[in-house]
Amino acid sequence: MAQKRDNSAWIKGGNATSAGAPSSSGKAWRLILLGAPGVGKGTQADLLCERLGTLHLSTGDVFRAAKAAPAGDRTPAIERALGYMKRGELVPDDTVIDLVRERVACLRDATGFLLDGFPRTVVQAEALDQLMKAEKLSLTGVLDYELPTDEVVKRLSGRRTCAKCRAGFHVVTMAPKKEGVCDHCGGELYQREDDRPESIRVRLDAYQKSTSPLTDYYRKLGLLIPISATGSPEEIFQRSLTALKAKG
Ligand code: AMP
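Residues numbered from 1 in each chain as written. Predicted model: local features only at pLDDT ≥ 70, side-chain atom pairs only at ≥ 80, totals over all residues. Heavy atoms only, no water.

A. Broad picture of the packing of helix α5 (residues 93-101) against helix α7 (residues 122-134). The contact between α5 and α7 brings their axes to 10 Å, and the two run at 25 degrees. Here α7 runs roughly parallel to α5, going by the angle between their axes. Between α5 and α7 lies a crossing of right-handed hand. Of the residues in α7, those touching α5 at D93, V96, I97, V100 and R101 are V123, Q124, A127 and L131. Its residues placed into classes, the contact of α5 with α7 shows six nonpolar, one polar and two charged. (Axes fitted to C-alpha atoms, helices over the stretch in contact; angles between N-to-C directions. Helix = DSSP H or I, 4+ residues; strand = E, 2+ residues; numbered from the N terminus. Parallel < 35°, antiparallel > 145°, perpendicular 65-115°, else oblique. Left-handed = near helix turned anticlockwise from the far one by under 90°. Contact = heavy atoms within 4.5 Å. Nonpolar A, V, L, I, M, F, W, Y, C, P; charged D, E, K, R; others polar.)

Structure, rendered in structure tokens:
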């Protein structure tokens, strides 16, 4: 198994550089993960990046890191973005596209990348096409995780995250040994602001309206790889690997 890559250059932006072992497999996978919030994209992204040795590039993680940073370090655009995020709404395309453009060096990484949470609209997908074309890069595939809506709501509302080490839990399917406490580091578990019922509804609406058209977009380009997101994270992961092997 490849070593998990350091993605601090992505999180911090600017001139930060990433360090870490490149993939031993030699192939640079350039992947996008699609799927409604709650289908388990984050978990699959971690598993896939570890196996394939690629960089995990999550736009949501960049916003969450900005939220955790001192207020004085945030630009006005990021400050506004955090307001959208808190309500479960999509951050405007221009802001997100600028954020990715500032981090284009991560797309160039020789080991490839796995984009998680970007693109989320057709405008963002077109901007990504342009960025990649300018860098003479092409996508390997787009994994699209499919799950019925009522299952999505169940998964999202039970999700908990460790404030210290960011490990994920679920109150029903992956409960910590002690309620509210991380099994790994003893940190406090919390519910993401945007996993509360009022935000979940807004996020699912945003997904239906803005992000689901991307499945057609990538299907037409011959890049879409549909994956059923039912079952355990390990089962979904094995399904993903099988589909990627068939593709690549
Ligand atoms: P995620 O962790 O990917 O679910 O993202 C959390 C939140 O960050 C989303 O609900 C949006 O408010 C915002 N966000 C992340 N990525 C994007 C994106 N590509 N476009 C618009 N908003 C985004």
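B. Geometry of unusual backbone geometry. Residue P119 follows F118 across a cis peptide bond; omega there is 0 degrees. Looking at the secondary structure, you find P119 in the loop between β3 (112-116) and α7. Here K136, not a glycine, exhibits a phi torsion of approximately 55 degrees, which is positive. Given the relative accessible area of 77%, K136 is considered exposed. Residues other than glycine seldom take positive phi values, yet R166 does so here, at roughly 70 degrees. Its place among the elements puts R166 in the loop between β5 (159-162) and β6 (168-170). Taking the relative accessible area as the measure of exposure, R166 reaches 44% and is therefore partly exposed. (Buried < 20%, exposed > 50% of the residue type's maximum accessible area, 1.4 Å probe, protein only.)

C. Examining the site of the ligand more closely. Near the ligand there are 16 residues, and of these T59, R64, E89, G117 and Q124 occur at the shortest range. Within the side chain of R64, a nitrogen or oxygen atom sits 2.8 Å from an oxygen atom of the ligand. The separation between an oxygen atom of the ligand and a polar side-chain atom of R192 is 3.4 Å. A total of 480 Å² of accessible area belongs to the ligand in isolation, and the protein chains cover 96% of it. At four residues, the largest contribution of residues to the shell around the ligand is made by helix α3 (residues 59-68). The class makeup of the residues in the shell around the ligand is six nonpolar, four polar and six charged. (Near = heavy atom within 4 Å. Polar contact = N/O pair within 3.5 Å; in protein donor to acceptor, adjacent residues only side chain to side chain. Areas by Shrake-Rupley, 256 points an atom, 1.4 Å probe, with all protein chains shown as cover.)

D. Just the layout of surface pockets, in detail. Here the second largest pocket is characterised by a volume of approximately 370 Å³. If you go around the second largest pocket, you meet 17 residues; those closest to its centre are T75, I78, L99, E102 and R103. Those elements giving two or more residues to the lining of the second largest pocket turn out to be α1 (8-12), α3, α4 (76-87) and α5. Here the element with the most residues in the lining of the second largest pocket is α5; it accounts for four residues. Taken together, the residues of the lining of the second largest pocket sort by class into eight nonpolar, two polar and seven charged. (1 Å grid on protein atoms, 1.4 Å probe; cavity = no way out; pocket = protein on both sides within 12 Å on 5 of 7 lines; lining within 4 Å. Points joined across faces, edges and corners; volume = space filled by probe spheres on them.)

E. Representation of the nonpolar core within the structure. If you look at the biggest cluster of nonpolar residues, it comprises 35 residues, and the most contacted ones within it are I32, L57, F63, L107, L115, L128 and Y218. With residues up to four places along the chain from it excluded, the contact list for F63 reads I78, A81, L82, M85, V91, V96 and L99. Residues L48, L204, Y207 and L244 belong to the second largest nonpolar core, which totals 26 residues. (Core = buried A, V, L, I, M, F, W, Y, C linked by side-chain atoms within 4.5 Å.)

F. Examining the environment of A66 more closely. Summarising the element assignment, A66 is placed in helix α3. Along the primary structure A66 and I11 are separated by 55 residues, whereas in three dimensions their C-alpha atoms are 8.7 Å apart. Sequence-distant contacts of A66, that is, excluding residues within four places in its chain, are made with R74, I78 and L82.

Note that every value here comes from positions in space, so none of it alone points to a role or purpose.
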